[in-house]
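What follows is each chain in one-letter form.
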Amino acid sequence: MILPQAENLLDKPKELPPTIKALLTNPISDTRLLLVSRAALSAAPGRVLATKPFADWVKEGRVCKVGALDDKEAAAFIESQARSLGLRLDSGIAPRLAARIGGNPGVLKRTLEVLDLLAEDRQVGSALVDQATFRLGEQSAFAWSQAWQRGQTAQALATLRVALEDDPSGAPLGLLGQARREVDRLCRLVEARAQGTKASELLPALGLSPKQAFLLEGYVRVVDKIGPEGVGRLLHLVNQTDLDLKGTALSGGQMPLVGLTLALARYWTT
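This text gives an overview of the structure that appears in the document. The shown structure was predicted, so the numbers you read here are calculated from the model rather than taken from an experiment. Within each chain, residue numbers correspond to sequence positions counted from 1 in written order. Local features in this predicted model are restricted to residues of pLDDT 70 or higher, and side-chain atom pairs are both shown and tallied only at a pLDDT of 80 or more, whereas totals for entire chains, interfaces and linings draw on every residue. No hydrogens and no water enter the side-chain calculation; it runs on all heavy atoms of the structure.

### Things to note about the overall build of the chain
Item 1. The helix and strand tally for the chain stands at 13 helices and 4 strands.
Item 2. Burial classes: relative accessible area under 20% of the type maximum marks a residue as buried, over 50% as exposed, and values in between as partly exposed (1.4 Å probe, protein chains only). Each of the 270 residues in the chain was classed as buried or not, and the buried ones make up 38%.
Item 3. Every residue pair with non-hydrogen atoms within 4.5 Å of one another is taken to be in contact. Taking the contacts inside the chain whose residues are at least 6 apart along the sequence as the reference set, 67% of them involve residues at least 24 apart.
Item 4. For the area figures, the Shrake-Rupley method with a 1.4 Å probe applies, and any residue is considered shielded solely by the protein chains shown. Taken as a whole, the chain presents about 15,300 Å² of accessible surface, with 56% of it coming from carbon and sulfur. Secondary structure elements follow DSSP: runs of H or I of four or more residues count as helices, runs of E of two or more count as strands, with numbering from the N terminus.

What follows is the structure in C-alpha cells.
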C-alpha cells in the first residue's frame, strides 16, 4: 500500500489517533506500507523522526532519504545495512566508508553488497574496505567536495588523503575538476546577476537542470556571503592549483590540493 502524500500523518506524529499509530506500528497481515513525504522530515527532539514508531523505523533502516545522505545519516545507513547482511564492522569503518563513497544510498548499498561477497568471516575491516572501494575516483571527488562545502575541513582533508593514496596519478586532476565545476557555477551566477537575469532563469544560466534546482540555494548563499571579489579569488586559486599540478610547483600534487581544500572550506562557509 502506497501513501503518496503522507505529510498529514507525519506533520504532527504525537497527535496521531491511537488506531492509526497502531496500524503504522503493526500493519495488517500481508500488507506493506510505503509512506511518501515530499517535505523534509526532521529527527530533532519532538519532531517526526524522533517519535515512535518512526524513530524505531530509522534505527531499523526502514526510512529511506531520497538524495545524498549527510555524514551521520550515511554512517547510520551503512551500519543498518551491514546488520541486515550479517556483517560485523570494525570500529570507525562506517564513517570511513561514508567519507570515501559519499552519501548516495544506492552506491552505499551496492558497496555493502560487494563487501558481503568478500567478507568470508563476516568481519569488515580497513583492508577489505580498501579492496572493495579502490579507485572510486568519482565518488571520492564527490565526498571531498561535499565535506568542504559543509565546512568539514578535517573530513575533507581525510577524504583527500584517501583519494591520493588510492589513485596518486588520476585523483589530483579529478578532484580539481570537481572544484572547478563548483566554482564555475559561482562565476556563472555572478555573471547572470550582473546581466540582470531573472531568478526564474538562473538554473539554465548555471547549467543546472530542473532536477538540480535544490543546488541553487547553496550557490546563492555563497555568492551573497563572499561577493564577486571572493568568487574571483576562488577562481584564481583553482587556476593556480591547476598550474601547480602541471608541474610549476616543487611540492607535487598533495600540498596544492591541501591549500585549495582549506580555502574552499573557508570561503564556502564564511
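### As for helix 5 (residues 93-101)
Note: α-helices contain 3.6 residues per turn, so residues at a spacing of three or four share the same orientation.
Item 1. Among the 9 residues that make up helix 5, 7 are buried, leaving the element largely enclosed by the rest of the structure.
Item 2. All of the buried residues along helix 5 are Ile 93, Ala 94, Leu 97, Ala 98, Ala 99, Arg 100 and Ile 101.
Item 3. Just downstream of helix 5, Gly 102 is the residue with a positive phi angle, here 105°.

### Observations regarding unusual backbone geometry
A negative phi angle characterises most non-glycine residues, just as the trans form characterises most peptide bonds.
Item 1. Positive phi, normally seen in glycine, also occurs at Arg 122, with a value near 70°.
Item 2. With relative accessibility at 23%, the residue Arg 122 sits in the partly exposed group.

### Regarding the pattern of salt bridges
Item 1. What counts as a salt bridge is simple: a side-chain nitrogen of Lys or Arg found within 4 Å of a carboxyl oxygen of Asp or Glu. All chains considered together, the criterion is met by 5 salt bridges.
Item 2. Across the pair Asp 224 and Arg 193 runs a salt bridge whose closest N-O atoms are separated by 2.8 Å. Taken together, the residues span a long stretch of sequence, with Asp 224 in helix 12 (residues 213-248) and Arg 193 in helix 10 (residues 171-194) at a distance of 31 residues.

### Some remarks on helix 10
Item 1. One fewer than the residue count of a helix, multiplied by 1.5 Å, yields its expected span. For helix 10, which comprises 24 residues, the first-to-last C-alpha distance of 35 Å matches the rise-based estimate of 34 Å (1.5 Å per residue) to within 8%.
Item 2. Along helix 10, the residues that are buried comprise Ala 171, Pro 172, Leu 175, Leu 176, Gln 178, Ala 179, Glu 182, Val 183, Arg 185, Leu 186, Leu 189 and Ala 192.
Item 3. Remark: Gly 196 follows helix 10 within two positions and exhibits a positive phi of approximately 75°.

### Here we look at the nonpolar core
The nonpolar side chains of a soluble globular protein tend to be buried, and buried together.
Item 1. Among the nonpolar cores identified, the biggest contains 38 residues, and Trp 144, Trp 148, Leu 186, Leu 234, Leu 260, Leu 264 and Trp 268 are the most heavily contacted of them.
Item 2. Counting only elements with at least two residues in this core, the list comes to helix 8 (137-149), helix 9 (153-166), helix 10, helix 11 (202-205), helix 12 and helix 13 (254-268).
Item 3. For this core, the leading source of residues is helix 12, giving 10 residues.
Item 4. By convention a nonpolar core is built from buried Ala, Val, Leu, Ile, Met, Phe, Trp, Tyr and Cys residues, the set being connected through side-chain atoms within 4.5 Å. One finds Ala 94, Leu 97, Leu 112 and Leu 128 within the second-largest nonpolar core, a separate group that totals 20 residues.

### Observations concerning the packing of aromatic side chains
For any pair of aromatic rings, the description consists of the separation of the ring centres together with the inter-plane angle of the planes.
Item 1. For this analysis, a ring pair means two rings from Phe, Tyr or Trp (six-membered ring only for Trp) whose centres lie within 6.5 Å, classed as stacked if their planes differ by under 30 degrees, edge-to-face if by over 60, and tilted for the remaining angles. This model, assessed by the stated rule, comprises 2 aromatic pairs.
Item 2. With 5.7 Å between their ring centres and 75° between their planes, Trp 144 and Trp 148 make a pair best called edge-to-face. Of this pair, Trp 144 and Trp 148 are both found in helix 8, 4 residues apart, which corresponds to roughly one turn of the helix. Trp 148 shares its class with Trp 144; the two are buried.
Item 3. Ring plane angle 75° and centroid distance 5.0 Å describe the contact between Trp 148 and Trp 268, whose orientation is recorded as edge-to-face.

### Quick notes on the packing of helix 4 (residues 71-85) against helix 6 (residues 105-118)
Item 1. Contact pair helix 4 / helix 6: the axes reach a minimum separation of 10 Å and the direction vectors enclose 40°. For helix 4 against helix 6, the interelement crossing comes out right-handed. Taking contact as the criterion, the partners of Ala 74, Phe 77, Ile 78, Gln 81, Ala 82 and Leu 85 in helix 4 are, on helix 6, Pro 105, Leu 108, Lys 109, Leu 112, Glu 113 and Asp 116.
Item 2. Broken down by class, the residue content of the contact of helix 4 with helix 6 amounts to 8 nonpolar, 1 polar and 3 charged. Fitted lines through C-alpha atoms serve as axes, helices being fitted only where they are in contact, and the angles separating the N-to-C directions of these axes extend from 0 to 180 degrees. Here a crossing is called left-handed whenever its near helix is offset anticlockwise from the far helix by less than a right angle, and right-handed whenever the offset is clockwise. Each residue is assigned to one class: nonpolar for Ala, Val, Leu, Ile, Met, Phe, Trp, Tyr, Cys and Pro, charged for Asp, Glu, Lys and Arg, and polar for all the others, Gly among them.

### Observations regarding the environment of Val 220
Item 1. Along the polypeptide, Val 220 turns up in helix 12.
Item 2. With 34 residues separating them along the chain, Val 220 and Leu 186 place their C-alpha atoms 8.0 Å apart.

### Focus on the environment of Leu 264
Item 1. Note that Leu 264 resides in helix 13.
Item 2. We classify Leu 264 as buried; its relative accessible area is 0%.
Item 3. The spatial distance from the C-alpha of Leu 264 to the C-alpha of Val 238 is 9.5 Å, given a sequence separation of 26 residues.

### Quick look at the environment of Arg 185
Item 1. You can call Arg 185 buried: its relative accessible area is 12%.
Item 2. Leave out the neighbours within four places in its chain, and Arg 185 touches Leu 206, Leu 208, Gln 212, Leu 215 and Tyr 219.

Just distances and angles here, no functional claims.
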